[in-house]
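# Observations on chain architecture
Below are the chains, spelled out letter by letter.
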Amino acid sequence: MSIFSRLIEQYHQEPTDRRWLFIPYDQLSDEFGRLSREHPSDLGIVLVENPWKANRRPYHRQKLALILTNGRHFALEQARRGVAVRCVVAEGPYRTALEPLIDELGPIEVMRPAERELRDDLRPLVDSGGLVETAHEGWLSGPEDFAASQKSGPPWRMDAFYRHMRRRTGLLMRDGKPIGDKFSFDAENRKSWPGAPPAPAPPVFEPDEISREVAALIERRFPHHPGDVDLTSLPATANDADHLWSWARDHCLPLFGPYEDAMSVRSRGLFHTRISGLLNIHRLLPARVVADVAEMDLPTASKEGFVRQVLGWREFVRHVHERTDGFRSLPDARSPRIAATPGDAGWSCWTGQGWPRTAAPGEPDGGACPSSLGADHSLPVGFWPGNPTGLACLDHVVDDVWTEAWSHHITRLMVLANIATLLEVKPRQLTDWFWVAYLDAYDWVVEPNVLAMGSYAVGPLMTTKPYVSGAAYIDRMSDYCGPCAFDPKQSCPITNLYWAFLARHRGVLADNPRMRLILASLGKRDRKRIDEDRAVFVWVSQTLAEGARLLPEDRPEVDRA
Ligand SMILES: Cc1cc2nc3c(=O)[nH]c(=O)nc-3n(C[C@H](O)[C@H](O)[C@H](O)COP(=O)(O)OP(=O)(O)OC[C@H]3O[C@@H](n4cnc5c(N)ncnc54)[C@H](O)[C@@H]3O)c2cc1C
Ligand code: SF4
């Protein structure tokens, strides 16, 4: 018997006369829902561990550990309060584990899961009345907020949603006006980081026997999954979640705003809070973090910058995901292809073998595959561990991600998604890569961020333009270029990739007012340079497709005579 089973067994309670709740992996909190309002002795909870789900994609082991250890600790925390707890292991879709429990216990309640994929799995049980779905109380907004904030649409715009949410909640508002007299301090929050003030070291956690058992289980049951488990960087208990948030408040938030967009080899996280993994499983509540920050004595730019991320972006992307049914239903009737099964994000190309997935009848599909720009290249193997590309910025961030299952926003957007988009990587495959590599990724958040924001695969549906750039942006906002074999001002291929991207998609982007200036510059670009951009695109694409490293001496010759 495992240590966890032995401990949970000690708190065994009879199931009779209790209301039973299914607690999915995104709802590990007793600060909302019935667990926050009703007496523990009236309630029972069901938690499902699901190796079948874990095997659907090659998830980073740290992500598996985060979910498993937090689920187990949450189960014990609730059992200690007197809640009856049933932990079961599913060997197929979640419904296969819940069906027998519904037969035994009667109808079970569940707050609407955040992940569409899980909702899809549970739908037959909801339709039959065995599972009774109630609203998810963890969100800060409802569909009515989204509808009220968007004049019509699509396109949908985050700024309008965020202003509506500020007014509706009164957060960072005084006498009906935004504090600091404007809703956004974004323009002030774009400093690069010179190395000072020092960035805080992330908190270190003391693993207990439950977390150690989880790590051993992952080692044993999921040997083919990438990445390593690092228990010392993994918050596992409710106390750990408090500790991480207290660290973020004291050490990150005072400088969160100004360096929000900076990147550095000297600090993986800079002043970012690293709370996304816990927010998305509700070990930390979004309501709590925004309320705490609103009360803190902080520079307005940092305060507003943080609140915009959680009250604005995080809620907004989830509404876009819901409204489009995970981008399956796009407004202009361009129905994208739907992948029948989940992609392996290039794992098989990396390892040379097929991903060992067990299919199940009626399992959720593999997601929508929009590609407004027709991108159809495979993800370079350089996005997987141990395959440096020679582009120092990319290699550095890829290394960070596989070390921690996390990196901060600008590295995701302006290094990883930017380079993949410039290389015409299939947006679905890129999304799957983010989904498996990051510990905070679930369909409702990773799909809008990659398909819509990172790769422009759904056009201007929720962003005004593609987020692409050449070396100048990366050089300005980071210190990655110093040790790179390429020179950001002379030989960096990313700048050529950028111009080649604009030239290829000039037709689609021409009507976009925010692209007008840059397309005018493209119009003035010398013919030879345009040829060079194209040649560099072909060279980079082919070299990375072969898994080889880019070297400055192999760059296509520039004949500007
Ligand atoms: C290509 C790409 C992929 C992304 N994939 C994910 C993902 O799978 N899961 C995820 O939670 N976030 C994702 N994001 C958003 C964002 O990068 C992360 O939430 C953030 O980096 C997490 O680190 P942090 O907790 O230190 O965030 P901080 O910078 O400290 O910000 C605080 C919080 O704001 C919220 N937030 C900020 N921006 C966003 C956003 N665009 N969408 C949703 N929430 C946001 C997060 O909850 C975050 O924890 C992605 C962004 C991009 C560009
Ligand atoms: S020179 Fe180019 S490839 Fe090298 S780190 Fe800078 S932006 Fe990246």
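### Regarding the layout of surface pockets
- Considering only enclosed or pocket space, the second largest pocket measures out at about 560 Å³ in volume.
- Along the wall of the second largest pocket there are 31 residues; nearest its centre are Glu49, Asn50, Ile67, Leu68 and Tyr94.
- When residues of the lining of the second largest pocket are traced back to their parent elements, those giving at least two are strand E2 (43-49), helix H3 (51-54), helix H4 (61-81), strand E3 (84-89) and helix H9 (209-221).
- When the residues that make up the lining of the second largest pocket are grouped by side-chain class, the tally is 22 nonpolar, two polar and seven charged.

### Remarks on the nonpolar core
- Within the largest apolar cluster, 167 residues are counted, with the highest numbers of intra-cluster contacts made by Phe22, Leu416 and Trp433.
- The contacts of Trp433, once residues within four sequence positions are left out, are Ala345, Leu379, Phe383, Trp384, Val401, Trp402, Leu416 and Tyr438.
- Ranked by size, the runner-up nonpolar core spans five residues in total, among them Trp193, Tyr259, Ala262 and Phe271.

### Side note on the packing of aromatic side chains
- Counted by the stated rule, this structure contains 23 aromatic pairs.
- Aromatic side chains Trp313 and Phe316 sit 5.9 Å apart centroid to centroid with 80 degrees between the ring planes, which places their arrangement in the edge-to-face category. Within this pair, Trp313 and its partner Phe316 are both found in helix H13 (residues 300-323), separated by three residues, close to a single helical turn.
- Under the relative-accessibility criterion, Phe316 is labelled buried at 0%.
- A connected cluster of aromatic rings, assembled from ring pairs, spans Trp350, Phe383, Trp384, Trp402, Trp433, Phe434 and Tyr438.
- One cation-aromatic arrangement involves Arg504 over Phe537; the distance from NZ or CZ to the ring centre is 4.0 Å.

### Things to note about the site of ligand 1
- Around ligand 1, the structure places 27 residues, and the nearest of them are His272, Thr273, Arg274, His409 and Asn449.
- In the environment of ligand 1, an oxygen atom lies 3.0 Å from a nitrogen or oxygen atom belonging to the backbone of Ile275.
- Between ligand 1 and the protein, one listed contact pairs an oxygen atom with a backbone N or O atom of Ser276 at 3.0 Å.
- Elements represented by at least two residues in the shell around ligand 1 include exactly helix H11 (276-280), H13, helix H16 (409-422) and helix H18 (443-454).
- Of the residues in the shell around ligand 1, the class split is 14 nonpolar, nine polar and four charged.

Thresholds applied
- Position numbers for residues start from 1 in each chain and track the written sequence from start to end.
- Here every chain gets a letter starting at A, and every ligand a number starting at 1, in the order they are written.
- Totals for whole chains, interfaces and linings use every residue, but because this is a predicted model, local features are given only for residues with pLDDT of at least 70 and side-chain atom pairs only at 80 or more, for both listing and counting.
- Heavy atoms throughout the structure, all of them, feed into the side-chain values; hydrogens and water do not.
- With a 1 Å grid spanning the protein atoms alone, the term cavity applies to any set of points in which a 1.4 Å probe fits but cannot get out, the term pocket to an open set with protein on both sides within 12 Å along at least five of seven lines, and the term lining residue to any residue with an atom within 4 Å of a point.
- Grid points are joined across faces, edges and corners, and a volume is the space filled by probe spheres set on the points.
- Put simply, DSSP H or I for four residues or longer makes a helix, DSSP E for two residues or longer makes a strand, and each gets a number counted from the N terminus.
- Only Asp, Glu, Lys and Arg are considered charged in this grouping, and only Ala, Val, Leu, Ile, Met, Phe, Trp, Tyr, Cys and Pro are considered nonpolar; every other residue, Gly among them, is considered polar.
- We define the nonpolar core as a collection of buried residues of types Ala, Val, Leu, Ile, Met, Phe, Trp, Tyr and Cys that are connected through side-chain atoms lying within 4.5 Å of one another.
- Three labels apply to residues, based on accessible area from a 1.4 Å probe with only protein chains included: buried if under 20% of the type maximum, exposed if over 50%, partly exposed otherwise in between.
- We call two residues contacting when some pair of their heavy atoms lies within 4.5 Å.
- When two rings of Phe, Tyr or Trp (its six-membered ring) have centres within 6.5 Å they constitute a pair, described as stacked for plane angles under 30 degrees, edge-to-face for angles over 60, and tilted for the intermediate range.
- A ring is scored as having a charge over it whenever the NZ atom of a lysine or the CZ atom of an arginine sits within 6 Å of its centre and within 35 degrees of its normal.
- Residues are labelled near a given molecule or strand when at least one of their non-hydrogen atoms is within 4 Å of it.
- Definition of a polar contact: a pair of N or O atoms within 3.5 Å, with one able to donate and the other able to accept a hydrogen when the atoms are protein atoms, and with sequence-neighbouring residues admitted only if both atoms are side-chain atoms.

Bear in mind that shape data such as this cannot, by itself, settle questions of function.
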